[in-house]
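Below are the chains, spelled out letter by letter.
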Amino acid sequence: MQLTPQHLTIEQLLQGRLFRIPDYQRAYSWGKKQRADLLHDILEVHRSDRDHFMATIVALGGEYRTMGADRFRDVSLVDGQQRITTLIILLKAIEKSLDDESKDEAEAKSQLRRLIVKADDHNLVLLQTNHDSSQVFANYVRAGQIGTAEVVTAADMNVVDAANEAEQFVSEWVASGSIIELLGTIRHKLSVIYHELQDEASVYRVFEVLNSRGLDVRWIDKTKSQLLASIYEFVDEGLRSDALHEQKTIWQDIYRYLGLEEGIGDEALRFAGTLKCKERPNRVLSDRDASLAILDIGGDNVRSLSEAGNWLKNVVRTVVDLRQQSRLSAVLKTQQARFLAVAIKLRQFKPEVERDLLRVWENVTFRIFTLAGKDSRSKVGEYVRLGHDIVASELSAEEILERLTKLGAGFSMKEVIGKSAWEGWYPDWSEDVRYVLYRYEEHCATNAGTDLNEAQWSKVWTADPSKSIEHILPQSSGKGFIHDLGNLTMLPPGVNSSLKDKPPKSKAKRYTECGLEITMAVGRQILRDGKWNKAAARARGEAIGEFIKNEWSE
């Protein structure tokens, strides 16, 4: 394998190439910090007037295409796509800011437009991103439209945020300097080391070697490249094409799942590797060790490499599904709790069996980490070993239930609940307040013979807990019991904000119309008694407390 790396300015890199990000690569995931670092570098380069090496770019060279008098090389990006995406967004923001009334700026604007949008029948953009079904990136690059309304995935939102930040940066630059100087700084002062290879097998080996030298690449992305490289290294040429297609399809699915819930890919990798440990683990593996465990599963044949990719895909999908269940946010605070729940879900028991097991997991976890007040260092080994055994030893549902019960031993409700247990639940426990009151709502709705109002609760779950937790006697009253559990109830966010600081009597009728059983009951009580005071709040707190003792008892 012969490498001929090129040291290119951004101007040289972008000329004569059309970049593509394959579907089996990560979607746009740069956040505010990474973008702020890039913009800060540009400011420093302009201030110092020095050239600045930015990064290494690895790409697979493709076919040439001709459009009019211009000839372009199709290039698939393997490493560096996040930085290039951000730079192209910034160049579009600059193009929008250039003044058509100024000769120099009008000429620069025309050149820049031709660079980032090619003049073919489809208005081909300089970079074809992946997982962009909403066309948020393409629409911005073509027309300068920041498509907030079209956002579907986390990647879409990252593009929108990047465009807003780029336009703000350009606006601030124009207020104190020359926009032409900004464009010149980016095009001629920033540079990269560019590796363009023709052999796909070499691309993944180069990526692996470069990123073993400390470059900032997520371990899940490294794992993908190593699995693809293993196919080239170990799979016979006659089977290689099908094996590559299958593995790339697997990773296309993985990144599609992660596009809905950005930032949890490495945790999913750690869970996947830990669950496949040959030795019974006492903790969740590190990113590196989990990656090695997945590669060990992959081995050196078609079947095992497919199994490794599919196993990781199933774990990613399960982790994303679990993290999207807002109702469980109060129970998912610790990594070991998430790990155990994922293990249960991966076994794919019958729905009713899985539901019962997860309810026991839910109750035991909430009792330990909230009601008993244990921190995230507690029970790590017990949770992780049980999760591993569920998958590796294929424990039966009965065995899992028995082990879950033992997990909660020593945390009886008599020991964890004291006389002042229902005092001071807000604001430090706002997530837990919402969870408890939801469970209490389930209980009250069942007793009343009514269905849970899922439409209203969906509004509650999508907002920050503080937007929905209602103080019956308002906080502005200054009373000592206002944060006690008995003085707290739930309202949809908009209703909650509209009633802020109003006295209980003036809110009571609105309570009875809100659709949430626990709050309607408070409204009816206030209308009946004509008041709400400390005694009423304490009595309600005791009633909720009895429910908690029964619901979370061992």
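Residues numbered from 1 in each chain as written. Predicted model: local features only at pLDDT ≥ 70, side-chain atom pairs only at ≥ 80, totals over all residues. Heavy atoms only, no water.

Draft legend 1. Spatial organisation of the pattern of salt bridges. The tally for this structure, following the rule as stated, stands at 47 salt bridges. For the salt bridge of Asp287 with Arg270, the shortest nitrogen-to-oxygen distance reads 3.8 Å. Taken together, the residues Asp287 in helix α12 (residues 287-298) and Arg270 in helix α11 (residues 265-275) connect sequence positions 17 residues apart. A single salt-bridge network, built from bridges that share partners, covers Arg327, Arg359, Glu362, Arg439, Glu442 and Glu551. (Salt bridge = Lys/Arg side-chain N within 4 Å of Asp/Glu carboxyl O. Helix = DSSP H or I, 4+ residues; strand = E, 2+ residues; numbered from the N terminus.)

Draft legend 2. Layout of the packing of α12 against helix α13 (residues 302-323). Close contact between α12 and α13 brings their axes to 7 Å; oriented N to C, the two are set at 140°. With respect to α13, the axis of α12 lies oblique. Residue-level contacts link Ile294, Ile297 and Gly298 of α12 to Ser304, Leu305, Ala308 and Trp311 of α13. Of the residues in the contact of α12 with α13, the class split is 5 nonpolar, 2 polar and no charged. (Axes fitted to C-alpha atoms, helices over the stretch in contact; angles between N-to-C directions. Parallel < 35°, antiparallel > 145°, perpendicular 65-115°, else oblique. Contact = heavy atoms within 4.5 Å. Nonpolar A, V, L, I, M, F, W, Y, C, P; charged D, E, K, R; others polar.)

Draft legend 3. Local environment of the packing of aromatic side chains. Here the structure, examined in full by the defined rule, presents 14 aromatic pairs. A ring pair is formed by Phe366 and Trp552, whose centres lie 5.1 Å apart and whose planes are at 40°; its orientation type is tilted. Of this pair, Phe366 sits in helix α15 (residues 351-371) while Trp552 sits in the segment after α24 (534-551), and the two are 186 residues apart along the sequence. With respect to class, Phe366 is no different from Trp552; both count as buried. (Phe/Tyr/Trp six-rings, centres within 6.5 Å; stacked < 30°, edge-to-face > 60°. Buried < 20%, exposed > 50% of the residue type's maximum accessible area, 1.4 Å probe, protein only.)

Draft legend 4. Looking closely at unusual backbone geometry. Residue Pro427 follows Tyr426 across a cis peptide bond; omega there is 10°. Its place among the elements puts Pro427 in the loop between α18 (413-416) and α19 (430-448). Phi angles above zero are rare outside glycine, and Asp49 is one such case at about 60°. Among the structural elements, Asp49 can be located in the loop between α2 (32-48) and β3 (52-67). You can call Asp49 exposed: its relative accessible area is 54%. In the Ramachandran plot, Lys379 falls in the positive-phi region, its phi being about 60° despite a non-glycine side chain. Of note, Lys379 is situated in the loop between α15 and α16 (380-392).

Draft legend 5. The arrangement of helix α17 (residues 397-407) in detail. Among the residues of α17, those classed as buried are Ala397, Ile400, Leu404 and Leu407. Along α17, the residues classed as buried sweep out an arc of 75° about the axis, all on the same side. Facing away from the buried side of α17, by more than 90 degrees, are the exposed residues Glu398 and Lys406. Those residues of α17 that are buried are in contact with α14 (335-346), α15 and α16. (Arc of directions from axis to C-beta.)

Draft legend 6. Layout of the environment of Gly80. Of note, Gly80 is situated in the loop between β4 (70-79) and α3 (81-97). Here Gly80 falls in the buried class, since its relative accessible area comes to 13%. Each C-alpha atom of the pair Gly80 and Val192 lies 9.7 Å from the other, and the pair is 112 residues apart in sequence. Residue contacts for Gly80: discarding those within four places in its chain leaves Thr56 and Ile57.

Draft legend 7. Molecular detail of the sheet that holds strand β6 (residues 190-197). Judged by pairing direction, the sheet is mixed, and its 6 strands sit side by side in the order β1-β6-β3-β4-β2-β5 without closing on themselves. Strands with a single pairing partner mark the edges of an open sheet, and in this sheet they are β1 (6-9) and β5 (127-128). (Pairing = 2+ DSSP bridges.)

Draft legend 8. Focus on the pairing of strand β2 (residues 17-20). The sheet contact formed by β2 and β4 spans 4 bridges and is parallel. Its bridge partner being in β4, Leu18 is matched across the sheet by Asp74. As defined by bridge partners, β2 adjoins β5 across 2 bridges and the pair is classed as parallel. Across the sheet, the residue bridging to Phe19 is Leu127, located in β5.

Draft legend 9. Examining the side chain of Arg338 more closely. Note on placement: Arg338 falls in helix α14. Arg338 sits in the buried class, given a relative accessible area of 11%. Beyond its immediate sequence surroundings of up to four residues, Arg338 is in contact with Glu267, Phe271, Leu322, Arg323, Leu332 and Lys333.

Draft legend 10. Structural detail: the pairing of β6. Extensive coverage of β6 is indicated by the burial of 7 of its 8 residues. Pairing geometry for β1 and β6, over 4 bridges, is antiparallel. When the sheet's bridge partners are listed, Gln6 is paired in β6 with Tyr194. Both β3 and β6 contribute to a ladder of 8 bridges, which runs parallel. Paired with Thr56 across the bridge in β6 is Ile193.

Draft legend 11. Spatial organisation of the state of the cysteines. Taken as a whole and assessed by the stated rule, the structure comprises 0 disulfides. The cysteine Cys444 is free of any disulfide, with Cys514 supplying the nearest cysteine sulfur at 12 Å. (Disulfide = S-S within 2.5 Å.)

Draft legend 12. Up close: the nonpolar core. Ranked by internal contacts, the top residues of the largest apolar core, which has 122 residues, are Trp361 and Ile548. At 9 residues, the largest contribution of residues to this core is made by α13. Beyond its immediate sequence surroundings of up to four residues, Ile548 is in contact with Leu371, Met413, Trp422, Trp425, Val436, Leu485 and Ser553. Among the nonpolar cores identified, the runner-up in size contains 54 residues, and Ala163, Phe169, Leu182 and Leu183 belong to it. (Core = buried A, V, L, I, M, F, W, Y, C linked by side-chain atoms within 4.5 Å.)

Draft legend 13. Structural context of the environment of Ser326. Among the structural elements, Ser326 can be located in the loop between α13 and α14. The spatial distance from the C-alpha of Ser326 to the C-alpha of Ser458 is 9.2 Å, given a sequence separation of 132 residues.

Draft legend 14. Representation of α15. Taking 1.5 Å per residue, 21 residues should reach 30 Å; α15 reaches 28 Å between its end C-alpha atoms and fits that length. In the segment just after α15, Gly373 is the residue with positive phi, at about 70°. (Expected span 1.5 Å × (residues − 1).)

Draft legend 15. Geometry of the side chain of Glu95. Checked against the element boundaries, Glu95 lands in helix α3. The class for Glu95 is buried, based on a relative accessible area of 4%. Setting aside anything within four residues of it in sequence, one finds Glu95 in contact with Lys109, Leu112, Arg113 and Ile116.

Everything listed here is a matter of geometry and, on its own, says nothing about what the molecule does.
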